[in-house]
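What follows is the residue order along each chain.
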Amino acid sequence: MNAASPRLSAIVHTAIFDAYNGIEQRYTPIFVGGPAPSGASRRAAVIAAGYTTLSGLFPSRQAPLDASYAASLAALTDDEDEDGGRSRERGIAWGTQVGQAVLAWRANDGFNTVQPAFRGGTAVGQWRPTPPALAPMSSQTLAFTRPFVLSSATQFQPPAPRGLLTATYTEDFNTVKNLGRASGSSRTDEQSALAPFWDGNASVHWNQAANQMARGNHLSMSKTNRLLAVLNIAMADTMFTTWTGKRSHGATDTDVTWRPVTAITLADTDNNPDTIADPNWTPLISTPAHPEYPAGHPSLNGAGAAALLSCFDDAQTFTLTTRAAGVDLPSRTYNSISQARSDGNNARVWGGMHYPSTVAISNQLGETIANYVNQNAMQPRHGSDR
């Protein structure tokens, strides 16, 4: 998972939403309120806002972005208002202005501030770098990044993780020890295939689903823009919250944040008679370089699913794709949001990276944040979604 992806997507969709909404004035804005110049083309504004933010975030991709931008503008009708192109020009100018304003807003959100390397600690139960890379905490700056909608990244922090001597930890340990091992596991073939599939970028998965559902349910452009903004902002604020929790709990030597690959190989040190060490145990999926609690993918799955369920019934058909190590894995078609969410969450245990109780708590964390964003941001003006 590219942990920074939700922030990037949220920047782009904030600009797109505010550009369109500045013309329509249907919802409260995220950051740029407008109003836009009279007669500005909505579609041109959306194209320009997306192009401006993507160009600012991915300067190395300027040539293909320029080509896509030109093609998108060429595909527009001559003018929405038949005024000789002035509507299109106003829309481009407005979308560009909004995109630049959003980029400037997020330029100093803390994400680009360099932090000292964090390597956890050596207390029993505490996170420390894991094999094979033994790298310090990755994407640590997410823990120091200002949210888009939440008041702070601690607004919805989960409680401290379970202790080493609890029944929950014992069950967590033995479940992942059995299901998550690279060889000799009781996983089914399907579970073994789902683990690497759902190890892909969760932000991409839920955006794929959202776009297909929006088209399949003939959602208006206005509602589609809002759905994608809620989805991506919820996932971004979830990641800031999750990484803040990882960094905080990982630095607390009494909190159990070590990964299964550490816990299982060092179980003879945890004073729990029901956890048996296996010094040769390795996970099916290579362990990410950050504390186990809370969990990134499950929190995003909770946020993504909740954002979609705020707009659609659970019964939806959509197809997801994943690319791993430069290879496209077989695509997967789902017939419900909840089944995709379940597979994505269970895959973290099947892959040997997370404990079941962490997955459940993190999934609920993402759902809570998505519901908060949906209920407190981008609200219909005049009290109704007209």
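Computed from a prediction, not measured in an experiment: that's the story for all the values here. (Residues numbered from 1 in each chain as written. Predicted model: local features only at pLDDT ≥ 70, side-chain atom pairs only at ≥ 80, totals over all residues. Heavy atoms only, no water.)

Draft legend 1. Structural context of the overall build of the protein chain. Each helix and strand counted, the protein chain has 12 helices and four strands in total. Compactness check: the protein chain gives a C-alpha radius of gyration of 22 Å against a globular reference of 21 Å for 386 residues, within 12% of the reference. For the protein chain, the residues scored as buried account for 54% of the 386 residues in total. Long-range contacts, defined as pairs at least 24 residues apart, comprise 79% of the intrachain contacts of the protein chain with a sequence gap of at least 6. If you sum the accessible surface of the protein chain, you get close to 15700 Å²; carbon and sulfur atoms cover 52% of it. Seen as two clouds, the 28 positive and the 30 negative side-chain charges of the protein chain have centres 4 Å apart. (Helix = DSSP H or I, 4+ residues; strand = E, 2+ residues; numbered from the N terminus. Rg over C-alpha atoms; globule rule 2.2 N^0.38 Å. Buried < 20%, exposed > 50% of the residue type's maximum accessible area, 1.4 Å probe, protein only. Contact = heavy atoms within 4.5 Å. Areas by Shrake-Rupley, 256 points an atom, 1.4 Å probe, with all protein chains shown as cover. Lys, Arg positive; Asp, Glu negative; His and termini not counted. Charge placed at Lys NZ, Arg CZ, Asp CG, Glu CD.)

Draft legend 2. View of the nonpolar core. Membership of the largest hydrophobic core comes to 86 residues, with the highest contact counts inside it found for Trp198, Trp206, Leu308 and Met378. It is helix α8 (residues 221–250) that provides the largest number of residues to this core, a total of 12 residues. When near neighbours in sequence (up to four residues on either side) are disregarded, Trp206 contacts Trp198, Leu231, Met235, Leu300, Asn301, Gly304, Ala305, Leu308, Ile337, Ala340 and Arg341. Counting seven residues, the second-largest nonpolar core is a separate cluster that includes Ile47, Ala48, Tyr69 and Ile92. (Core = buried A, V, L, I, M, F, W, Y, C linked by side-chain atoms within 4.5 Å.)

Draft legend 3. How the structure looks around the pattern of salt bridges. Taken as a whole and judged by the stated rule, the model has nine salt bridges. Between Arg7 and Asp109 there is a salt bridge; the shortest N-O distance is 2.9 Å. Within this pair, whereas Arg7 is found in helix α1 (residues 5–24), its partner Asp109 is found in the loop between α4 (86–107) and α5 (167–179), the two being separated by 102 residues in sequence. Considered together, Arg7 and Asp109 belong to a single accessibility category, that of buried residues. We note a salt bridge from Asp199 to Arg348, for which the minimum N-O separation is 2.9 Å. Within this pair, whereas Asp199 is found in the loop between α6 (189–197) and α7 (202–216), its partner Arg348 is found in helix α11 (residues 337–350), the two being separated by 149 residues in sequence. Its relative accessible area of 2% is what places Arg348 among the buried residues. (Salt bridge = Lys/Arg side-chain N within 4 Å of Asp/Glu carboxyl O.)

Draft legend 4. Main features of the packing of helix α2 (residues 42–57) against α4. Interaxial distance between α2 and α4 falls to 7 Å at its minimum, and their mutual angle equals 35°. Helix-helix and strand crossings are classified by hand; for α2 and α4 the assignment is right-handed. Contacts between α2 and α4 pair Ala44, Ala45, Ala48, Ala49, Thr52, Thr53, Gly56 and Leu57 from the former with Arg88, Gly91, Ile92, Trp94, Gly95, Thr96, Gly99, Gln100 and Leu103 from the latter. Here the residues of the contact of α2 with α4 are counted per class, giving eight nonpolar, eight polar and one charged. (Axes fitted to C-alpha atoms, helices over the stretch in contact; angles between N-to-C directions. Left-handed = near helix turned anticlockwise from the far one by under 90°. Nonpolar A, V, L, I, M, F, W, Y, C, P; charged D, E, K, R; others polar.)

Draft legend 5. Main features of the environment of Ala193. The residue Ala193 is located in helix α6 in this model. Judged by its relative accessible area of 32%, Ala193 falls in the partly exposed class. Residues Ala193 and Leu134 lie 59 residues apart in sequence; the distance between their C-alpha atoms is 26 Å.

Everything listed is a geometric property; what it means functionally is a separate question.
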